[in-house]
Structure formats: C-alpha cells, structure tokens
Amino acid sequence: PPRPADFKLQVIIIGSRGVGKTSLMERFTDDTFCEACKSTVGVDFKIKTVELRGKKIRLQIWDTAGQERFNSITSAYYRSAKGIILVYDITKKETFDDLPKWMKMIDKYASEDAELLLVGNKLDCEMDREVSRQQGEKFAQQITGMRFCEASAKDNFNVDEIFLKLVDDILKKMPLDVLRNELSNSILSLQPEPEVPPELPPPRPHVRCC
Amino acid sequence: MGATRGRSVGGVGGGREAEAAEVAEVAAGAEVAGEAGMAKSSGENGPRAPAAAGSLSGTRENLAQGPDAATADELSSLGSDSEANGFVEHRIDKFGFIVGSQGAEDSLEEVPLEVLRQRESKWLDMLNNWDKWMAKKHKKIRLRCQKGIPPSLRGRAWQYLSGGKVKLQQNPGKFDELDMSPGDPKWLDVIERDLHRQFPFHEMFVSRGGHGQQDLFRVLKAYTLYRPEEGYCQAQAPIAAVLLMHMPAEQAFWCLVQICEKYLPGYYSEKLEAIQLDGEILFSLLQKVSPVAHKHLSRQKIDPLLYMTEWFMCAFARTLPWSSVLRVWDMFFCEGVKIIFRVGLVLLKHALGSPEKLKACQGQYETIEQLRSLNPKIMQEAFLVQEVVELPITERQIEREHLIQLRRWQETRGELQCRSPPRLHGAKAILDAEPSLRGALQPSPSIRLPPDVPLPSSKAKPKPPKQAQKEQKRTKASGHLDKLPAPGQATAVTAGGDACAPQDVTLKNPASQDPAPQDSAPQDLAHHCSQESLTSQDSEDTYL
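- Taking an unreviewed UniProt entry as the reference, chain B is identified by name as TBC1 domain family member 10A belonging to Cavia porcellus.

- With an unreviewed UniProt entry as reference, chain A is termed Ras-related protein Rab-12, source organism Cavia porcellus.
- Chain A has a UniProt comment under Cofactor (unreviewed entry) that states "Mg(2+)".

In structure tokens:
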C-alpha cells in the first residue's frame, strides 16, 4: 500500500474570470485540458500528492470563481492557504489590470506568511499577447516575496513547475516544528499522519501521481 | 462535465428510433409553441430546426417506423450548430447531448408511449385552460409536474408555471428593445467569455458563435439591461442555457427573469447574500432530515457553501443526470425553491446519512469528494423524484428557518446589503402575487390603495374590475397577514402560498396587520424590503 502523506498543504488559485484557474488546476492534478471548461461557481478543490525534498505532500488546491461577486464566498478560503497562485491571462490586458484588486483581497484575507506566485497563463496564445513578460515581472517585483512565471495549461508548459516551486518555497520557509504543528492542526488531518523526519534531503522535485 | 454525469442516453439498438421519437416530440412542442406566438423563427436552433419542419402529426409511432438514417441526416442537413463545428458524425441523444460526451450511461426510464400520449393530452388541456386549472385544481397540476411534464410540452409548461408567459404578454416588444440595445461593455465582455462554457457537449451550444451561444448572449445581455443594478452573474448562464434548450430566446429571457426575481431572488445579486443564507438554512434543515449527515458535516467543519453553491445557483443543472435535471425543474417551476432544498437534502441524506457511508469519508476531503461524485443511484430520476416528493420539508419550515438565519446573520454580520424581493414559493404564489392582475404598478409596497382604484400604469395593462374584487379575498383565507417591513429592515420573507403547507407563520410585526394585499411591481420590489404572505384559494382571472 502507498505510504501515507507526510503532511498536507493548502494552496488557493485566484484571479479574474476566464484566466484559466481551473485549467491550471486540472492540468496539474489530472493532466487534462478541456477547451470549454465550465465556469466555476463558488469554490472547488482537488488533491494531489507530490513528493518533494523526500517528503510526500498532500496538496489541496482550492479553485475559486473569478467573478468579483463570488469574492464574498471565496474569501473564506484565503486564510488557511499557505500558498496563493494569482493568475492573469497574457492575452487579456484587463485581467492584468485587475491584479491590484486581487492584491487587496490577499492583503485583507490571506495569511501574512502565505507564499505568493504570479502566473501569466495562456502562453500558448503568444500571438494574441497583450501583456509582456516584463510587465508581469515588474508587477511581481513590487511585491515582497512574490514569484513570477508564465505558463500554459493547454500546452502543459510550466504547470507542474508552478505548483512544485510554490510548495518548495513553502517548505523552505517552514521550520520543522511548524510543519509538525501544521500537521496536527490541519483541517484535513483527522487521520493521524506520521511525523516529519528531522532532516530534509536536498531538493529534487519529482511529481508522482496520487 | 458534472452536469450530466452518469446520465443515461438512448440504448445502442434503439438509439436512432429514440431520437426520431424525440424529434417528433420536439416537433409537437415547437408547433404548439409556434401557435402561442414564438417570436423566433424556427429552423435556426439546432434540434428545434428539423422539429419545426415536422408537425403535430409526426408522432413517435410513425417517425419511428421510418428509416433509421433519416433522423440523423435530417438533423445535420437542416443546419444544426453541431454541423458547423465538425460534429456531424456524433450521435445526439434525446436531450440534445452528444452521445458519449457525458460519461457513464444508465438505463433510460422511458415512459410508456400510451402514457406519454395521455399525459400530453392532459397537459394540452391544462395549458389551454390554464387559469381555471390554476385556480381550481392546482394540486392536480402539482401532481402532474411531479410525474414529469411531457417533453413536447415542457418548454411551454415552464413558461406558464413561472409566469414568464404573462410577463412576456405584459411587456410586448420589451425583449426586442433590450435585444437591440448595445448593452454595457463591462457586462458584454464577461458574458461573451462564458458563452462557450455552458453545456459545451449539447448540440445547441457546441459551436462557437453558433445559434445557441448567440441566443445565450442575447438573453443574458438583455437581463443586464433589464436589471442594470444586478448585472450578470456567472451562475445565470447555465440557467439560461437550460431554458434555451426548451424555448426561444424571448421566452427564455422572461423565464430567467422569473427565476431571478420570484423563485430565487437575490441569488445572483452582488454579495451573494441570499445563497449564503440558504446554505445555513439547508444545513439547519439537514439536522431534521438526517442527524447523522448533519453531525458529520458539523464535525468536519464543512461550510455548506462548499457543496451547495453550485447545486442551488444552477438549480442542479450541473449536478444531476439530465433526465433528473428536467424532472427537478418541472417540480421547481411548480413548487418553487422548496424543491431545490429537498433535492439537496435528499442527496446529503443518501450520501452521508449512515455510519457505513461515513466510513468511506473520514476526512474533510473525502467527504467533499463523496458529495462531488455522488452515487448515480441516488441521482437517478425515479428514485430522486420519489424521495423529493416524500421528504416532509415544507415552505413553512423553510421560511421559519429563513427568519432564524436572517436574525443570526444580522446579529453577527449586520444588515443585508442587497435587498431582494420576497421569495415566492412556486407557480401558485407567483400567480397570486402577479401585480398586473391587480392592474397597477405601485411605487412602494407600503402604499396601499383600495384594490379597485385604477392606478396609472406604465407597463401593465389596466385591471378589469372583476379581478380587483377577487383580490380582496386574497390572503384572508388562511388567516395569513401581510407584514410591513420594519423601517430599514432589509428582509424579504414570504410565507408559502402553497396549498400543501398549513400556514400559521408567527407575526413579527403586529403593528402591520393589514389584510390588504400588497401590490407592487417587481420592478420596484427589487428595491424595497418587504415581507409578504401570499395565499390565495380563488383566482379565476383570465390573463392569457
């Protein structure tokens, strides 16, 4: 039988409607892509177990509705997230212009130590690009600790990297005792999980299907 | 796509015949609807296209005898949307979905042909004498909605039940006017991005820019113009799409208006407060229906919004197998939101309602997973409908719980920010509250005039005196009293107007025991807080 996860982490994906939040999640968790993905109503989540730094991590990915009026519902899920993936669509300038609004949401609802990652999605539509890579980079630089990358859920480019990088950053930031603590406090940890061994081997990202 | 998970599609052998029969039935529907003055020309809307070419005589029997290939060819040759997208090769099931696109298929629960024909003639009689039926035999209508509306008449029946038909007649040309307006670019962009995301495996919506998507755009855009303060909510798109599968754009628009303003007021408004309240109400009702499931969800600290948001906002259109969606909507249009609550409760009860079932979902994730991939058996048409009909959850209980949860909300989060009109529990309550029957639009529900005084009206037709007299009797019969909203109170509560629930709602505001009906146009209602009780036993008004 597969050994149980060493610990669990929550990540939330936010961003304007239609930027590909659900597609990124589904590409990562199921390696599928649906051209006509239904719009998300409310919140949804999926689980994927990844192995990183020799640890088995059960990653809970929260996918949120992008339309502003759903914020009243989705904001409740910011708090427990250790990582936040903020997505915009490189072919839609307005989704980039919306970023400050999303930053406000993060400031208001997210935990202060949550890792932030900005993702410019739909890199497969390079021809229709409206937001340059530099613009994305520049925006991320203004925010302390925010990483940036461009990706394509459709072409499966940089998708695993996004999630793994984020998880890696979260792990690096966490002292081991916090990890243990996380484990016991996790809303998902009703089943007892084994303790995290004291040392972490060097980072060697490797995705494994759960 | 979750919408039609486990949905059943015509069997391998008889698939084409089933299609043929369905085309014939749709044909009958289109023909009937055509008589009733459908605005949109036929021959444009995918599955309806060949239908309109047929006639009422094209019954299941004689079409089914025809050569197998005829229907499929007919479908594609008449310019269905799927053709444009290279989907000609795909077979389409009786509901218009591409066969095989919806995952596992279970056996169809076919209504025997003779029974179907009988039901059709019964429904035709009802629809042709709708006012009398609504006035005198409302329970019979309810029963027949529970049995399922014949597919050929479903679209028409939904229009009658919801009052969408009346709305259309009261507002001739209104949809066209909205349709011609350019619309607010802010909303157009959002709507456009959602068009291809609604039932992409339904023949009508499969092609980008096809007729189905065009109509969806028109309907949703029209709504943002009709209610600029509400705008567009993403959850409205699947609702509108289901309507468009059954009726032309103008009719679908008015049915959408009725759903957003009468059946589920506030669901799609800014802040989404109504759905959050209903989440609490659902959870509270679950305690009565299934203490085991309730306890489990409490212990797991699972917010009702996590599982019920899409259920309720999309009226299960994305959750249940398609045949069940239609049956649920049949009952929903007749009996109102109670049906949505009951379906949710039945699903929760059967997914989490016993210790054995809970063994499989010890954690939060496993529990949600259980609710997301529900056992097809509990969603299966016959089982689900039976359970829903039998579940003893009444409008009164829902309203009582509404008051409790509203009070709790006000204590913890302050006043509601969006003021919605009262929720009307189904066709009868909507009919009884229909302001045009009283002949006038009033600026505020708190202003009362004798019912027979003609009022200046911008949109509604003047009210015949006979109807006015009738109204005086309203709301007295059950000892039900209208309640005035307390100043500044942003609540909207309706005690049910359905005959099946005994009415004895406790009055919260004894100062306003005024038995006179509250007249108010829904246009105005949207901005007022009001508490109304709508009950009527007598209504012979002819409005069609």
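### Here we look at helix H12 (residues 185-194) of chain B
Then, in step 1: Looking only at H12 of chain B, the buried set comprises Trp187, Leu188, Val190, Ile191, Arg193 and Asp194 of chain B.
Then, in step 2: Where H12 of chain B is buried, its residues contact strand E4 (83-89) and helix H3 (93-97) of chain A together with helix H13 (211-226) of chain B.
Then, in step 3: At the N-terminal boundary of H12 of chain B, the capping side chain belongs to Asp184 of chain B, with an oxygen 2.9 Å from the backbone nitrogen of Lys186 of chain B.

### Digging into a positive patch on the surface
All names here are of chain B.
Then, in step 1: Taken together, the side chains of Lys122, Lys137, Lys140 and Lys147 present a region of like positive charge at the surface.
Then, in step 2: By secondary structure assignment, the location of Lys137 is in the loop between helix H7 (130-136) and helix H8 (138-147).
Then, in step 3: For Lys137, a relative accessible area of 44% puts it in the partly exposed group.

### Here we look at the interface of chain B and chain A
Then, in step 1: Each partner contributes to the interface: chain B provides 39 residues, whereas chain A provides 33 residues.
Then, in step 2: Across the contact surface, chain B and chain A share 12 residue pairs in polar contact (both at pLDDT 80 or more).
Then, in step 3: Looking at the side of chain B that touches chain A, the elements with two or more residues in it are H12, helix H16 (273-289), helix H18 (304-313) and helix H22 (364-372) of chain B.

### A word on the packing of aromatic side chains
Aromatic ring pairs are reported here in terms of the distance separating the ring centres and the angle at which the planes meet.
Then, in step 1: A full pass over the atoms with the stated rule returns 27 aromatic pairs over all chains.
Then, in step 2: Aromatic pair Trp130 of chain B and Tyr160 of chain B: ring centres 5.5 Å apart, planes at 75°, arrangement edge-to-face. Remark: Tyr160 of chain B occurs in helix H9 (residues 154-162) and Trp130 of chain B occurs in helix H7; sequence separation between them is 30 residues.
Then, in step 3: Trp130 of chain B sits in the buried class, given a relative accessible area of 2%.
Then, in step 4: With a centroid separation of 5.3 Å and an interplanar angle of 75°, the aromatic rings of Phe199 of chain B and Trp322 of chain B are classed as edge-to-face. Linking Phe199 of chain B in the loop between H12 and H13 with Trp322 of chain B in helix H19 (residues 322-335), this pair joins segments that are 123 residues apart in sequence. For the pair Phe199 of chain B and Trp322 of chain B, one class covers both residues: buried.
Then, in step 5: Taken together, the ring pairs connect Trp158, Tyr263, Trp329, Phe332 and Phe333 of chain B into an aromatic cluster.
Then, in step 6: Over the ring of Phe45 of chain A we find Arg372 of chain B; its NZ or CZ atom is 5.7 Å from the centre of that ring.

### Focus on the environment of Arg197 of chain B
Then, in step 1: Residue position: Arg197 of chain B is located in the loop between H12 and H13.
Then, in step 2: Assessed through its relative accessible area of 13%, Arg197 of chain B is described here as buried.
Then, in step 3: Remark: the alpha-carbon pair of Arg197 of chain B and Leu256 of chain B, spanning 59 residues in sequence, is separated by 18 Å.
Then, in step 4: Those residues in contact with Arg197 of chain B that lie beyond four places of it in its chain are Gly18, Cys37, Lys38 and Ser39 of chain A together with Gln234 and Arg318 of chain B.

### Things to note about the nonpolar core
Then, in step 1: One finds Leu243, Phe253, Tyr307, Phe312, Met313, Trp329 and Leu347 of chain B to be the most contacted residues of the largest nonpolar core, which totals 157 residues.
Then, in step 2: Here the element with the most residues in this core is helix H20 (residues 337-352) of chain B; it accounts for 11 residues.
Then, in step 3: Residue assignment places this core across two domains, with domain 1 (113-263) and domain 2 (273-419) of chain B each supplying three or more.
Then, in step 4: Non-local contacts of Leu243 of chain B, meaning those with residues more than four positions away in its chain, are made with Trp158, Ala252, Cys255, Leu256, Ile259, Trp329 and Phe333 of chain B.
Then, in step 5: If you look at the next biggest cluster of nonpolar residues, it comprises 29 residues, including Phe28, Leu52, Phe163 and Val167 of chain A.

Thresholds applied
- Residues numbered from 1 in each chain as written.
- Chains lettered and ligands numbered in written order.
- Predicted model: local features only at pLDDT ≥ 70, side-chain atom pairs only at ≥ 80, totals over all residues.
- Heavy atoms only, no water.
- UniProt positions renumbered as here; feature names shortened; annotations may be inferred.
- Buried < 20%, exposed > 50% of the residue type's maximum accessible area, 1.4 Å probe, protein only.
- Helix = DSSP H or I, 4+ residues; strand = E, 2+ residues; numbered from the N terminus.
- Contact = heavy atoms within 4.5 Å.
- Polar contact = N/O pair within 3.5 Å; in protein donor to acceptor, adjacent residues only side chain to side chain.
- Patch = residues over 30% accessible without salt bridge, like charges linked within 9 Å, V, L, I, M, F, W, Y side chains within 5 Å.
- Areas by Shrake-Rupley, 256 points an atom, 1.4 Å probe, with all protein chains shown as cover.
- Salt bridge = Lys/Arg side-chain N within 4 Å of Asp/Glu carboxyl O.
- Lys, Arg positive; Asp, Glu negative; His and termini not counted.
- Charge placed at Lys NZ, Arg CZ, Asp CG, Glu CD.
- Phe/Tyr/Trp six-rings, centres within 6.5 Å; stacked < 30°, edge-to-face > 60°.
- Lys NZ or Arg CZ within 6 Å of the ring centre and 35° of its normal.
- Core = buried A, V, L, I, M, F, W, Y, C linked by side-chain atoms within 4.5 Å.
- Domains from an automatic or database assignment.

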